[in-house]
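This is what each chain is made of:
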Amino acid sequence: MDTLELLLKGERPNMPEKEIKLKRLSKACGGDIIFRLRALSFNRVAEIKNSHAGGDMEVHILLAGVISPDLKSEDLKQKYNAVTPLEMIKTMLLPGEIEDISREIEKLSGYRVTTVEEVKKNRVGS
């Protein structure tokens, strides 16, 4: 079976997801703070890069890739005295936490990992 046949035969894969635990917030809140992350599509990554290349790109990646909890929640914004989700994230999380979560989303999206491998062909008589 050739590559095209395999692609047509196989199921269309879902966007990868994973859960992470935020250690500092879990300790501070007295229970596991779990964020559910999802990979971003090519178009969403391009949109974020084009719109926020000058700054805050990691926060926007985080906001786009965290599917739970709802980081756009009015209750969370009120708790952290923030007008926007962007402000709330910057208040709630440490800079290193923002970077780590953003990197995890990037990895799910195929960045910062090796996604291909070279095909080596055995040559007879070489």
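Further up the page is the structure itself.
We now turn to the structure provided with this report. (Residues numbered from 1 in each chain as written. Predicted model: local features only at pLDDT ≥ 70, side-chain atom pairs only at ≥ 80, totals over all residues. Heavy atoms only, no water.)

## Overview of the pairing of strand 2 (residues 34–38)
Phase 1: With burial as the criterion, only one face of strand 2 is covered, namely that bearing Phe35 and Leu37; the residues Ile34, Arg36 and Arg38 on the opposite face remain uncovered.
Phase 2: Where strand 1 (residues 17–21) and strand 2 come together, five bridges link them in antiparallel fashion. Bridging across to strand 2, Glu19 finds its partner in Arg36.
Phase 3: The sheet contact formed by strand 2 and strand 3 (residues 66–68) spans two bridges and is antiparallel. Paired with Leu37 across the strands is Val66, a residue of strand 3. (Buried < 20%, exposed > 50% of the residue type's maximum accessible area, 1.4 Å probe, protein only. Helix = DSSP H or I, 4+ residues; strand = E, 2+ residues; numbered from the N terminus. Pairing = 2+ DSSP bridges.)

## A short note on helix 7 (residues 95–108)
Phase 1: For helix 7, with 14 residues, the first-to-last C-alpha span of 20 Å sits near the 20 Å given by 1.5 Å per residue.
Phase 2: For helix 7, the complete set of buried residues consists of Glu97, Ile98, Ile101, Ser102, Glu104, Ile105, Glu106 and Leu108.
Phase 3: Along its buried surface, helix 7 packs onto strand 1, helix 2 (23–29), strand 2, helix 4 (57–65), strand 3 and helix 6 (85–92).
Phase 4: In the stretch just after helix 7, Gly110 is the one whose phi turns positive, near 95 degrees. (Expected span 1.5 Å × (residues − 1). Contact = heavy atoms within 4.5 Å.)

## Considerations on the environment of Leu40
Phase 1: Note that Leu40 resides in the loop between strand 2 and helix 3 (42–52).
Phase 2: Spatially, the C-alpha atoms of Leu40 and Leu8 are 23 Å apart, while their sequence positions differ by 32 residues.
Phase 3: Other than its neighbours up to four places away in sequence, Leu40 contacts Met15, Val45, Ile48, Ile61, Ala64, Gly65, Ile105 and Ser109.

## Some words on helix 6
Phase 1: The set of residues buried in helix 6 consists of Pro85, Leu86, Met88, Ile89 and Met92. Taken end-on, helix 6 shows its buried residues confined to a sector of 160 degrees, consistent with a single buried face. (Arc of directions from axis to C-beta.)

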